[in-house]
Structure formats: C-alpha cells, structure tokens
Amino acid sequence: MEYISILMFVVVCLVLLLGYPVALALAGTALVFAGVGSFFGVFEVAYLSALPSRLYGVINNQTLLAVPLFVFMGAMLERSKIAENLLNAMSLMFGRFRGGLGISVTLVGMLLAASTGIVGATVVTMGLLSLPTMLKRGYSPSFSTGIICATGTLGQIIPPSIALVLLGDVLSSAYQKAQLSQGIFNPETVSVGDLFAGAVIPGLILVGFYLAYCIFMAMVKPESVPRLSQQDIDELSAGQSKLSLIFSALIPPLLLMFTVLGSILFGFATPTEAAGVGAMGATLLALWQKQLTRENLTAVMQSTTKITSMVFLILIGASLFSLVFRGFGGEELVRSMFENMPGGVVGATLIVMLVIFLLGFILDFIEITFVVVPIVAPILLAMGLDPIWLGIMIAVNLQTSFLTPPFGFALFYLRGVADKAIKTADIYKGVVPFIVMQLLLLTMLAIWPNIVTWLPEIIYK
C-alpha cells in the first residue's frame, strides 16, 4: 500500500506536465486516489477529517500574512518605474567602465528580486528593461541574457523574499515535528527571521560572484561588454545632474530595503509587521515619484490578489495531497528509505537535493515548498541537520534548477520577452557560468555550514 503514495506523486507530475493548474492537480489527484483507495479498503477516509483544522491553521497563520504585503510591495516598486529609474542611475554610476551595464543589472536585479520575490516577475521585468539597452550598447547576447536570468533568480535567496517566508513557515512546522518524533516535548523553534539572517551572507557571496564575473569579462573579452559612450550617458541623464539622479533614484529604495530587512534581523518587527512597513513605504515612494495613479494602484492590487490567491490555493491543494499521501503510508516509506540509505544523513541529503533539483524543472518553488519539503524535511531534521542550513540549501538548489537548461523556468520567462533575434542557444550559453557559480556556492555551504548559521547565532543567541 505504501507504494501507492509514490504512484500518486508520479501521477501529479504527469498531470502537471499536461498543463493543468497546480492547485487543482494536487487536490484532484489526491481525491481520486483517496476515493479509489477507500473503495478497495486500503485508505482510511478519517484522514480527510483533519483537513478543516489544517485549513483553519493556514488562515490563522500570522506569518503567512507577510505574503500579500511583500507581493504588494514588489508590485508597487515595479509598477511605479522605480526599477527603471534605479537601472538608469546605476548605469550612470558604472557605465563609463567596461562591464558597467552588467554590474548595474546585477545590483538592480538584486534589489528588485529582494522586493518582488517571484522569479518570473523579476526575470520578465529585467528582460524588458535592460535587455534591449544592453544589446543596443553592444553587449553580447549570451552575456546579456545570462546575467538577466541569473539576477532574476536572486529572489530565491536575497531577503526579504517570499520564497524564504513560505519556506520558513514550512520548516518551522517540520522542525517541531522532527523534535517531537525524537521525544523532545519542549521543542526549539525556527522562524522566518532566522532564515532571512541565514540567507544574508550566501546571498551577498552570490552577488559578489556575479560582479566578479562582470569584471572578469571586462578583462578577458572587453569587446563583449563595452563602456557607454558620452552620448549614451547624456541620454540617460536627460539634462539632470548625475548626483541628483542617483540620489532620487537610489537612496529611497535602499532605505526602504534596509528598513524592512533590518527591522526583522534586529528584532524590532516580525516579518509580517516589516512587510506592512514595506508595503506602505513602497506606496509612499510611488507617491513621491508621482506614479501613484488610480490605474497603477488598481493594477498593483489586482496583481497582489492574483498572486496571493494562487499561493493560498496551492497551499490548500498541497494540504489535501499531504493528508492522502500520509494516509497511504508514504511518509513511513520515505523515512525507511532514508534510514536504510548508504551514506547516512549525507547520502539522504544528497538524494533529496537531487530530487528537488529535478523537480525544479516542472514545479515552481511554491509547489515544492508546500508538497515536497513537508515530506522530507522532518526526516532530515530528525537525522540532525540544522533547519536554517537546510532551508538555505534548498533555496540555492532551486535557484540553480531554475537556471539550468533546457527546462529552467528563468530561461522560459526570458525567452518569452526577448527579441526573436536572440537565439535560444545564446540564452543557454549565457547561463552556464552562473550555474557554475551556483554550484560553487552550494559546495561552499556544504563544506562550511557556518556561512549560513553564523549570523543567526550572532543576532538571535
């Protein structure tokens, strides 16, 4: 009977490949298997009685309130042309250097990814804003597409990120469950703030890798990353002084980011409270930029409602799926497989990371966070892994998966908005160096887990 749960997981993947909505695929497959299992007497319908209490727990979860607020913040920053102004200001700062546009795209992508937290939105925005500019200025198509895809996926790891909010909430439950299974009835907790603190240093290392690659390309292949001409700089400045442009475009968004993240890291506010501050701050920035029109506000609210509804509908479908999966004994099957796996906790972690990497080709981070992580995380945490380290490893792993040809989500998003003259082969070629950097970071985190755990320990303990 336990292997029916594995079959159910395979069927869900096949249904998703057919193009059905994720939430409906999860819930529908679970209900079909539950009905068939009940008919043949191999599934106890009483498991489904826990669904209402689970859904009430989701609705009553204060941490998840941060999701619509962070989505609103990112949508407002995107809609009010703050990202476009940021890119122009950064280009004025670094445009006189070879590779300067690449540096600008990396830094703007980092800020936009942190505020938006949705890979697709960041890649599409950066593709529309910066790709035509980079190509017009003589940058090679492979470098341009590669750095846009790579910076677009930074939303997985750079806090405050929606991916980390959702992952932190799931890992918190998994960590308590793992401790209870070990007979610890006064369990320690892990919060979204812990995950944010753990992501800071790995995120900065990754951004440093990207910036170093831009400088490396400027030295090795200067013709592929030319500096801006004086005419280009005059066009960007549009008659305004460089200092005033940089101040008006750069300082306010940076202050907003530091206020939101700093209030969480230093314990002044919970992630939900900080998200509220971020949403209000983004609205005030749009008002200051004279972009808070009725049309923009309506578009932002519609986007926020759509994305938030998608997240919570997937969470409902995933809750139903996990109940049926557990009813068929899938959790016990996975636990026994991990415990009997050669290599112990190291072998189990490697297998989980490989499975998550491959699932990243067909599932978004939301589905993986709600479906896969609750199954494997309690088992791995009970084997002694640090929850913060595990969360950051999963986030970086998914980020790498979204970049990897031929199925990476970021590649499809950019292909959809890029000019038809850009070859798909150029996009694939451009992301290869960034995949190597991602794998290097994963290796570093595996060898030196203190890169993740040091800052949370310093701040919170």
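Look above for the structure.
Residues numbered from 1 in each chain as written. Predicted model: local features only at pLDDT ≥ 70, side-chain atom pairs only at ≥ 80, totals over all residues. Heavy atoms only, no water.

Residue-level account of the layout of surface pockets, with values.
Taken as a whole, the largest pocket holds about 580 Å³ of empty space. If you go around the largest pocket, you meet 22 residues; those closest to its centre are Arg54, Ser173, Ser319, Ser322 and Pro374. When grouped by side-chain class, the residues that make up the lining of the largest pocket number 11 nonpolar, six polar and five charged. (1 Å grid on protein atoms, 1.4 Å probe; cavity = no way out; pocket = protein on both sides within 12 Å on 5 of 7 lines; lining within 4 Å. Points joined across faces, edges and corners; volume = space filled by probe spheres on them. Nonpolar A, V, L, I, M, F, W, Y, C, P; charged D, E, K, R; others polar.)

How would you explain a nonpolar patch on the surface if you had to name every residue and give the values?
Judged by side-chain polarity, Tyr3, Ile6, Val10, Leu14 and Leu17 come together as a nonpolar surface patch covering roughly 510 Å² of accessible area. Mapping Val10 onto the fold places it in helix H1 (residues 2-17). Relative accessible area serves as the criterion here: at 41%, Val10 is assigned to the partly exposed category. (Patch = residues over 30% accessible without salt bridge, like charges linked within 9 Å, V, L, I, M, F, W, Y side chains within 5 Å. Areas by Shrake-Rupley, 256 points an atom, 1.4 Å probe, with all protein chains shown as cover. Salt bridge = Lys/Arg side-chain N within 4 Å of Asp/Glu carboxyl O. Helix = DSSP H or I, 4+ residues; strand = E, 2+ residues; numbered from the N terminus. Buried < 20%, exposed > 50% of the residue type's maximum accessible area, 1.4 Å probe, protein only.)

Go over the environment of Leu455 with me, naming the residues and quoting the values.
In this structure, Leu455 sits in helix H21 (residues 450-460). Spatially, the C-alpha atoms of Leu455 and Gly198 are 6.2 Å apart, while their sequence positions differ by 257 residues. If near-sequence neighbours (up to four positions away) are discounted, Leu455 is found in contact with Ala197, Val200 and Ile201. (Contact = heavy atoms within 4.5 Å.)

Tell me about the pattern of salt bridges, and name the residues and values.
If the charged atoms of two oppositely charged side chains come close together, the side chains can form a pair. Enumeration according to the criterion identifies one salt bridge in this entry. With its nearest N and O atoms 3.7 Å apart, the salt bridge here joins Glu295 to Arg79. With Glu295 in helix H14 (residues 294-327) and Arg79 in helix H4 (residues 66-79), this pair connects stretches of sequence that are 216 residues apart. Its relative accessible area of 57% is what places Glu295 among the exposed residues. A relative accessible area of 37% means that Arg79 is categorised as partly exposed.

A description of the packing of aromatic side chains should follow, citing residues and the corresponding values.
Considering all chains together, one arrives at nine aromatic pairs under this definition. Consider the rings of Phe43 and Phe328, whose centres lie 5.0 Å apart with planes at 40 degrees: the pair is tilted. One end of the pair, Phe43, is in the loop between helix H2 (22-39) and helix H3 (51-59); the other, Phe328, is in the loop between H14 and helix H15 (330-339), with 285 residues separating them in the sequence. Ring pairs connect the aromatic residues Tyr139, Phe143, Tyr210, Tyr213 and Phe434, which therefore count as one cluster. (Phe/Tyr/Trp six-rings, centres within 6.5 Å; stacked < 30°, edge-to-face > 60°.)

Run through the side chain of Asn296, naming residues and quoting values.
As for its position among the elements, Asn296 is in helix H14. With near-sequence residues (within four places) excluded, Asn296 lies in contact with Arg79 and Gln291.

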